[in-house]
Amino acid sequence: MLWGVSGPLFLLDYVAAVAGALAVALSIRTLTGWRTRGEPLTTVELAYLTDRAGLACQVGVAALRRAGAVRRGELSTLSVDGPPPAGSAPLVRALHAALRRPQTWAAVLADPAVGRALRRLVGRLVRDGWLLTPAQRRRIALGTLPVFAVAAVGVTRLLDSAVEGRTAGGPASVAGLLLCCLATALAGWWLCEVPETGSAARRLLRRHRRAHADLNPERRPAWSERGTDELLTGMALFGPRPLLAVDPRFAELVGVDAERTRPATRVPARRVIRPPTVAAGGSRAAPTAA
């Protein structure tokens, strides 16, 4: 017996240790960012939690467009054609100010006032607990260390058995330990991807998506029968595809890529899937299963 423990018994102990390490890592991930404070989130802030600055700006300019405050110009430019809606979010007002002279969407995103509005938006989300601070993200990353430590113990036993010529158990035990070590390392690698949003934000997005499931573009809602609030909510929760459905030419001007926002379809086995490209303005669709 290697290390005074038989192969089957060590395998059982190893599986129990992996379960404990995963429970610790997942608990830290779940409890970090559990509580929030402050006022309810606006549609623009929901969009930022869904897909960061690109989608937040697209929702903001869509609000201006639906209010008749933005028009398309020549050479792929945009300009304002009226005041912003009353009570608009600071980012929406910053986008309106940036469009007081005709310019492209890329120039709008590079406008200093838009950048300041985005930084204030992010600061509020971090302050209220919707986005994680660097310290919280480090805490989640450190929570994965027990998983790798358990994997290292299993690998050490296998190497010790091979180097010293001793047996770590029967063939079944050795094969099982090898597979468990591989699975543990892969689980740790997956947990190393630390989210930017807290658990409260992820919980809120799931709840809103269930409540507004009829706005999911996969269900092909009739946007012509929907109001502005429903359109903006659908964009904030599911990505910019609704804007492409109601105003395709304007959507293309603000960086909505029709290729990246089309519904997921079953791809034939021989078809080569090319990696998606980032659209202008950094927009991308809401996460969907490919």
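All of these numbers come straight from a predicted model, not from anything done at the bench.

Q: Explain the overall build of the chain to me, and be specific about the residues and the numbers.
A: Counting secondary structure elements, the chain contains 12 helices and 2 strands. When the helices and strands of the chain are read in sequence order from the N terminus, they spell out α-α-β-β-α-α-α-α-α-α-α-α-α-α. The buried share among the 290 residues of the chain stands at 41%. Once local pairs closer than 6 in sequence are excluded, the contacts in the chain between residues at least 24 apart make up 69%. Surface accessibility of the chain: about 16,100 Å² in total, with carbon and sulfur atoms responsible for 59%.

Q: Any chance you could break down the pattern of salt bridges for me, citing the residues and the numbers?
A: A complete count under the given rule lists 8 salt bridges for this structure. Notably, a salt bridge pairs R124 with E45, separated by 2.6 Å at the nearest N-O pair. One end of the pair, R124, is in helix α5 (residues 112-127); the other, E45, is in helix α2 (residues 43-66), with 79 residues separating them in the sequence. Here R124 and E45 have matching classes, each one buried.

Q: Provide a residue-level description of helix α9 (residues 199-211), including the pertinent values.
A: The terminal C-alpha atoms of α9, which comprises 13 residues, lie 18 Å apart, in line with the 18 Å expected from a rise of 1.5 Å per residue. Within α9, the full set of buried residues consists of S199, A200, A201, L204 and L205. On its buried face, α9 sits against α1 (7-31), α2 and α10 (228-238).

Q: Describe in detail the nonpolar core, supporting the description with residues and values.
A: By size, the foremost hydrophobic cluster in this structure holds 52 residues, and its most contacted members are L91 and V114. At 13 residues, the largest contribution of residues to this core is made by α2. Listed in part, the 13 residues of the second largest apolar core include A25, V150, L177 and L191.

Analysis parameters
Residues numbered from 1 in each chain as written. Predicted model: local features only at pLDDT ≥ 70, side-chain atom pairs only at ≥ 80, totals over all residues. Heavy atoms only, no water. Helix = DSSP H or I, 4+ residues; strand = E, 2+ residues; numbered from the N terminus. Buried < 20%, exposed > 50% of the residue type's maximum accessible area, 1.4 Å probe, protein only. Contact = heavy atoms within 4.5 Å. Areas by Shrake-Rupley, 256 points an atom, 1.4 Å probe, with all protein chains shown as cover. Salt bridge = Lys/Arg side-chain N within 4 Å of Asp/Glu carboxyl O. Expected span 1.5 Å × (residues − 1). Core = buried A, V, L, I, M, F, W, Y, C linked by side-chain atoms within 4.5 Å.

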